[in-house]
Structure formats: C-alpha cells, structure tokens
Amino acid sequence: MIRYAARALLADRLALAALGALVLALLFGAWNADRARDAQHERWGGLVAADLLTLESLEQDLEALANGGQAPPAWVDPSRPAALATLVAIPTLSAPPSPLALLGMGVPGVHPLEAKPTLAGLAPEYAREELANPEGLLTGRFDPVFVVVFLLPLVAIALVFDLLPRDRARGLLPLALACAPSAWEVYAPHYALRALGLLLALGLGTGGGLLLFGFDASFPGALPALGLWLALAFSHGLLWIAAASALARLQASGTVQALLLVALWVAATAAVPAVVSPLLELSVQSPSRTTSAHLAREARWKSWDEKEQRTERLLMQHPELRPASASQQEAWREQLETLAYHRGMAEATAPLIEGLERAARERQRRAAHVAWFSPSLALLGALDELTGTGPSARLAFDRAARAFQASWNAFFIPRIEAGQPFTAADVARIPRFRPGPPGAETNLREALAAAAPPALILLLWTLATAALGWFQLRRVGLEAGSRPLR
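Just so it is clear, the structure is predicted and the values come from calculations on it, not from any experiment. (Residues numbered from 1 in each chain as written. Predicted model: local features only at pLDDT ≥ 70, side-chain atom pairs only at ≥ 80, totals over all residues. Heavy atoms only, no water.)

Caption draft 1: Summary view of the overall build of the chain. Regarding its fold elements, the chain presents 15 helices and two strands. When the 486 residues of the chain are sorted by exposure, 46% land in the buried category. Long-range pairs, those at least 24 residues apart, make up 84% of the contacts in the chain with a sequence separation of at least 6. When the accessible surface of the chain is totalled, it reaches about 23,900 Å², and 63% of it is carbon and sulfur. (Helix = DSSP H or I, 4+ residues; strand = E, 2+ residues; numbered from the N terminus. Buried < 20%, exposed > 50% of the residue type's maximum accessible area, 1.4 Å probe, protein only. Contact = heavy atoms within 4.5 Å. Areas by Shrake-Rupley, 256 points an atom, 1.4 Å probe, with all protein chains shown as cover.)

This is the structure we're talking about:
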C-alpha cells in the first residue's frame, strides 16, 4: 500500500505543483522578510549611532563653553541639565529585530518598538488601541508567517481533497474496501505520505530561507523557538489534511469537497476574526484617540499655568536648594520651572496612561480567548510571539523603556534641583539604552512562554479534527460493509 500511495503521489501533478509552490512561497517570504529585517536593523543602528553623535557633539559644545565660547539660548544650553533632559540629549529608544524576525516581520511600521524619554514620562502608546483589529490580527508582510497562516492550508487541501472522491468516481472505492475493513486502512498511507511531503516542503522552504538569508542560532532559546515554529506550521497543515478526511463520507465530487474546504478556510482566516474581533470592544472601556489628544493638550496647558506655583512650593519645602550665588538663581529657577512643568504633565496624564494600559491588558486577555474560535488565530498568535511581533515583545520593550526612564529621571532631576551646571565630564555618565543580547535572551524565553497557550489551542484543534477524520474514514468502511451486495 505504501508503494502504491507513493506512486499515486508522484503521479499527482496538482499535489507536486502545490508542494513546489509552497517551497517557492516560503523562499520568497524569507527574502521579503530579510529586506524588512535589514531595514529595521538599519534604523535601530542608525538611532544608536545618532545617540552617540549627539553625545560627542554635546561634549564638544560643553568644552567650547568652558573655554569661553558664546552661550546658546537657554532652552538648548548644554550646561543646563533641564535642557538636556527635555530636548538636547533625548535619545530614541528602540529595539533590534528578534532572532526569528526572518520568519515573520509582521507590521512593525504600525506598532514600532520605539519611545522617547522625557521628565514627564513616556508618551502614551495609542497604537495599542488597534490590537483587536482583524486586519492587525491577520494581515502583514508576505513573510513565512503569512505563508503558513494563509497559503499552507490551500496546499494541504490541494494534496488530499480528492483522494476518496476520485476513486469513488472511477468505481475503485468498493474494490479497495473489499480488501480492508475500512477506508482508514486503505487511505492512511496516502494521507501519511502527503503529510510527509508537506513536512519536507515546509522544511525545505524554511531551511532554505534561513540558510540563504541568515539565521543567528547563538541566542539561547533560538533553536527551541525555531523548532516550535516548524512544529506549529506542520500542525496547521495536518489540521487541514484531517479536515479533508473528515469530509470522506460525503457523496460529493472532488470539486465540491474542495469548495467546502476553501469555504472553511475563508471562515477560519477572515470571517471568524471579522465577526469575533468587534465583540472584544463592546465591554472594554478605553479613551479614544480624540479624547486622549484633548486630555493631553489640556494637561499641557494646565501644567504650564501651574509651573510657577509648583516651583514656589518646592522652594518653600526645600529652601536649602537655593544657590548661594545670586547670578545663578535666575537660570536655576528657570530649570526648576521646566521640571515643575514636566512633573505636572506626568501627574495629569497618569490617569490617561493607566486607562490605556488597563484597556490594553483587557484586550490582550480577550484576544487570547478569541484563539479558541479559529485555529488560524491560534496559530498566528503563537507565531507572532515567537518571531517578536506579539504582545510579549511589546511588554518586554515597555519594561526596558520604563526602567530607562527611571534611570533618566534619577540622573537629571537631582542635578536640576541642585542647580549644578553640566560639564563635559558628566557626558559619559548620561544613561544610555542598551537592549543588547541579554535582553534578546529574556525576550526569547518570554516569547516561548507566551506562545505556549495559543500553541496548545492549535494542538487541540488539530487533535479534534484528526479524531473526526479518523472516525469518518472508519465509518466509510463500516457503512459499505453493512450494505447488501447486489
């Protein structure tokens, strides 16, 4: 039977063409993701280089001022810590691509991992409001994740959709069932060999893309993450092969079965997300973008009006901060007012940021429930986590950015309050954001943990569909045996 199944597969031009198309699609997806990965890495490197150039220029300006150079305007004066902390020396925090970025870049332009620290705190991340959008859940670049979620099911359908209908139309099915107790014993080798062909095509396309365009396996956890990625992709293919076998009892042609399977594919990848995702928004209270913008603008005006009062209260509570030199008091007070303005902004926008984060956490929790409604959503959630475009990557970046914000404030605020002029020797001590390899290792471990729940959901979908397919194939033989011979 296995030899016959192998000859049947080699003679099936549609199946071979589908497997070849899958290999080419994976290679093209890896090439496309490689371009996006290089662009993201180049931007990250450019931001790091720009930060270094800013510090070098700042050191030169401070040395020129110390040698009697002309002082610039107060708001860009490098000797004033308030100017440095709010305008001159602010870096753009960013993260490099994840080790598995080649397999799925997602849509980094929509949810970029970037932030700017100020004394008022990190700005609200309004992009989080769109996490439940079905387009954000399912669309993206043409990369290997896109191929696995959208195109792999069609390849699996092309492999097995007409195995039984073809023999039934030729009159060979009764003869095959006469030699075996059920269709499972007859067609299991066919399904197994075609599943093996799907696995080989998946491995060839993915492995070829990684070899051609580069994969850094030195990060701890990179190889387990890659193994889980391949296992999830293959499990998704098995699910659709099992779905085809579940239709074995239908007295329909191969064309009708193919249309039914494609309809199921459309429902799993498009219809279910479009119907279920709006339900996420019904009970999640979150400030809209318009409301957030109005609140932020009102907070700026209110903080600006209250900065002098805040400064006076600070001086009354801490008179020891006042400089002894009268010539330094005016510049020192201006810096205190700048600090008071940003503190007022932080206090006024804290409820807004808290509301956005609370809504984001609730959406993330509900989005995990949506994965139960569609295997495509479960697969996409798991693969996004593994490739660094899921919520765990955002949360890890947020933690690193907030930790840097705390170190930024701890460095500059005491200098502002003390009225200490900034010197060239202080430049080397300015905090710098370093999301290097240790952070990437932590992100990979978190990605594996975050990918586990949707991976389990996909596995349950696959097992349930496989069990249904096995039952249906067994029933084909039993029903044929129960009919009287004519």
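Structure shown, so let's carry the discussion forward.
Caption draft 2: Structural view of the packing of helix α8 (residues 183-213) against helix α9 (residues 222-246). Where α8 contacts α9, the axes come no closer than 10 Å and their chain directions differ by 150°. Taken together, the axes of α8 and α9 lie roughly antiparallel to each other. When the axes of α8 and α9 are compared, the crossing they make is right-handed. Side by side, α8 and α9 meet where Y191, A195, L198, L199, L202, T206 and L210 of the first sit next to L226, W229, L230, A233, F234, G237, L238, I241 and S245 of the second. The class makeup of the residues in the contact of α8 with α9 is 13 nonpolar, three polar and no charged. (Axes fitted to C-alpha atoms, helices over the stretch in contact; angles between N-to-C directions. Parallel < 35°, antiparallel > 145°, perpendicular 65-115°, else oblique. Left-handed = near helix turned anticlockwise from the far one by under 90°. Nonpolar A, V, L, I, M, F, W, Y, C, P; charged D, E, K, R; others polar.)

Caption draft 3: Seen up close, the pattern of salt bridges. Applying the stated criterion to the full structure yields 15 salt bridges. A salt bridge links D12 to R194, with the shortest nitrogen-to-oxygen separation between them at 3.0 Å. Of this pair, D12 sits in the loop between α1 (2-11) and α2 (13-66) while R194 sits in helix α8, and the two are 182 residues apart along the sequence. Here D12 falls in the buried class, since its relative accessible area comes to 9%. A residue is classified by how much of its surface remains accessible, and R194, at 1% relative accessible area, is buried. A salt bridge links R80 to D77; the shortest N-O distance between them is 4.0 Å. In terms of burial, R80 and D77 fall into one category: buried. (Salt bridge = Lys/Arg side-chain N within 4 Å of Asp/Glu carboxyl O.)

Caption draft 4: Inspection of helix α14 (residues 391-418) at higher detail. Compared with the 40 Å implied by 1.5 Å per residue over 28 residues, the 41 Å span of α14 between its first and last C-alpha is a close match. After α14 finishes, the residue G419 shows a positive phi value of roughly 70°. (Expected span 1.5 Å × (residues − 1).)

Caption draft 5: Inspection of the nonpolar core at higher detail. One finds V148 and L198 to be the most contacted residues of the largest nonpolar core, which totals 77 residues. Grouped together as the second largest cluster of nonpolar side chains are 32 residues, I90, L93, W408 and F412 included. (Core = buried A, V, L, I, M, F, W, Y, C linked by side-chain atoms within 4.5 Å.)

Caption draft 6: Expanded view of the packing of aromatic side chains. The tally for this structure, following the rule as stated, stands at 12 aromatic pairs. Considering the side-chain rings of F404 and W408, the 5.8 Å spacing of their centres and the 40° angle between planes classify their relative orientation as tilted. Of the two residues, F404 and W408 both sit in helix α14, four residues apart, roughly one turn of that helix. Each member of the pair, F404 together with W408, is buried. Each ring, one from F412 and one from F422, has its centre 6.2 Å from the other, and the planes form 20°; the classification is stacked. (Phe/Tyr/Trp six-rings, centres within 6.5 Å; stacked < 30°, edge-to-face > 60°.)

Caption draft 7: Structural detail: the packing of helix α5 (residues 144-160) against α9. Running from amino to carboxyl end, α5 crosses α9 at an angle of 35°, the nearest separation of the two axes being 8 Å. Crossing of α5 over α9 shows right-handed handedness. Residues P144, V145, V148, V149, L152, P153, A156, I157 and V160 of α5 form the contact with α9, whose own contacting residues are W229, A233, H236, G237, W240, I241 and A244. By residue class, the composition of the contact of α5 with α9 is 14 nonpolar, two polar and no charged.

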